[in-house]
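# Descriptive analysis of the structure
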Amino acid sequence: MKKMKKLVVGNWKMNPESLLEAKKIVTEVKRGLRTIKNTQVVVCPPFVYISPLSGLQSDLLMLGAQNANADQMGSRTGEVSFSQLPQFNIGFVIVGHSERRKMGEDNELVNKKVKSVVSEGMTAIICVGENTRDNGGEYFNFIKEQISCALKDVPKKLLTHVVIAYEPVWAIGATALGPSELHEMSIYIKKVLKDLFGVFSSDMRIIYGGDVDRNNADRLVKDGNVSGVLVGRASLRPKDFVEIIKLIDSI
Ligand code: 13P
């Protein structure tokens, strides 16, 4: 079977301030990716930049979305539907980011969104992660609940269209998890997926997010036993983002 590529996703959140800057970042990142062989790179800009950036996509760099509305087309002022995304060659959508969960997105809505994403032929990057860690390890159950709810009624054959992004909320914009703790969690997530679907599909990728930068990316992936990273702040700095991608590509 063909080995799945590693995955590096940039989540720009509500940045940058102008389309000009957005184009500069994408152009500069693309220039740095010419030697990349084993890594799929996805950049998720705010919706307003998707259409003007879509022409800059290539085999090296694809665009993703940060969210969409799970409902079909219609009366939803200010919203964008999942079915509106593929026309811009969007292949990936982040679902259930903790910043959206904070705005009220619950496990049930995340599940609805995951099903919409995969039914449109795109890949759902499902974010899971505990808010805090307790000494008793209760956070493992929290992650299990998030994963099993998000994947409820998702057909096994569509699991290749699902990526689990483990992003402990306390690490986002703060300090990354250590590689050994990540290793422990990635084994746990694989076990959860195996329990849910019978087998752990090697076509399914688990990635890590939360304070990933050029100083920790390769150790997190190598020693943390994950297939890639979801990068916030550093994905807006083209040099750093390219460096992260190169480090991961060479693992
Ligand atoms: P930082 O890399 O800025 O910590 O953000 C992580 C994140 O939330 C990516 O989705």
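All values reported here derive from a predicted model rather than from experimental measurement. (Residues numbered from 1 in each chain as written. Predicted model: local features only at pLDDT ≥ 70, side-chain atom pairs only at ≥ 80, totals over all residues. Heavy atoms only, no water.)

## Description of the overall build of the protein
The test is simple: Counting from the N terminus, the helices are DSSP H or I runs at least four residues long and the strands are E runs at least two residues long. Atoms considered for the radius of gyration are the C-alpha atoms alone. The globule rule reads 2.2 Å times the number of residues to the power 0.38. Contact criterion: two residues are considered in contact whenever any of their non-hydrogen atoms come within 4.5 Å of each other. Computed with the Shrake-Rupley method and a 1.4 Å probe, the accessible areas treat only the protein chains shown as cover for residues.
When helices and strands are tallied, the protein shows 8 helices and 8 strands. The C-alpha radius of gyration of the protein comes to 17 Å, within 12% of the 18 Å expected for a compact globule of 251 residues. For the C-alpha atoms alone, the extent of the protein along its principal axes is close to 50 × 45 × 40 Å. Relative to all contacts within the protein whose residues are 6 or more apart in sequence, the contacts with residues 24 or more apart total 73%. As displayed, the protein offers around 11900 Å² of accessible surface, 50% of which is attributable to carbon and sulfur atoms.

## Regarding the site of the ligand
Formally: To be near a molecule or strand, a residue needs just one of its heavy atoms within 4 Å of it. The term polar contact refers here to a pair of N or O atoms within 3.5 Å; inside protein, the definition further demands a hydrogen-donor-capable atom paired with an acceptor-capable atom, and it admits residues adjacent in sequence only when both atoms are side-chain atoms. Only Asp, Glu, Lys and Arg are considered charged, only Ala, Val, Leu, Ile, Met, Phe, Trp, Tyr, Cys and Pro nonpolar, and every remaining residue, Gly among them, polar.
Neighbouring the ligand are Asn11, Lys13, His97, Glu167, Ile172, Gly173, Gly210, Asp211, Val212, Leu230, Gly232 and Arg233. Side-chain polar atom of His97 to an oxygen atom of the ligand: 2.9 Å apart, as the coordinates give it. Contacts to the ligand include Arg233, whose side-chain N or O atom sits 2.6 Å from an oxygen atom. Burial of the ligand by the protein amounts to 99% of the accessible area it has alone, namely 310 Å². Here the residues of the shell around the ligand sort into 3 nonpolar, 5 polar and 4 charged.

## Some points on the sheet that holds strand β2 (residues 39-44)
What counts is decided by this rule: At least two bridges found by DSSP between two strands are what make those strands a pair. For helices, the fitted axis covers only the stretch in contact; all axes are lines through C-alpha atoms, and the angles between them, taken along N-to-C directions, range from 0 to 180 degrees.
Ordered in space as β1-β2-β3-β4-β5-β6-β7-β8, the 8 strands form a closed barrel in which the pairing is parallel. Across the sheet, the mean angle from the axis of one strand to that of its neighbour is 25 degrees, orientation sign disregarded. In the sheet, strand β3 (residues 61-65) pairs with strand β4 (residues 92-95) via 2 bridges, with the strands oriented parallel. Directly across from Gly64, in β4, lies its bridge partner Phe92. Its contacts with the sheet place helix α5 (residues 138-150) against β5 (123-128) and β6 (162-166), and it is angled at close to 155 degrees to β5.

## A word on α5
Condition: One fewer than the residue count of a helix, multiplied by 1.5 Å, yields its expected span. Exposure classes here rest on a 1.4 Å probe applied to the protein chains alone. A residue is buried below 20% of its type maximum, exposed above 50%, and partly exposed in between. An arc is given here, and it is the one of the directions from the helix axis to the C-beta atoms.
For α5, which comprises 13 residues, the first-to-last C-alpha distance of 19 Å matches the rise-based estimate of 18 Å (1.5 Å per residue) to within 8%. Among the residues making up α5, those that are buried are Tyr139, Phe140, Ile143, Gln146, Ile147 and Ala150. Looking straight down α5, one finds that the buried residues subtend no more than 125 degrees of arc, so they occupy a single side. Elements that come into contact with the buried residues of α5 comprise α3 (98-101), α4 (107-119), β5, β6 and α6 (179-197).

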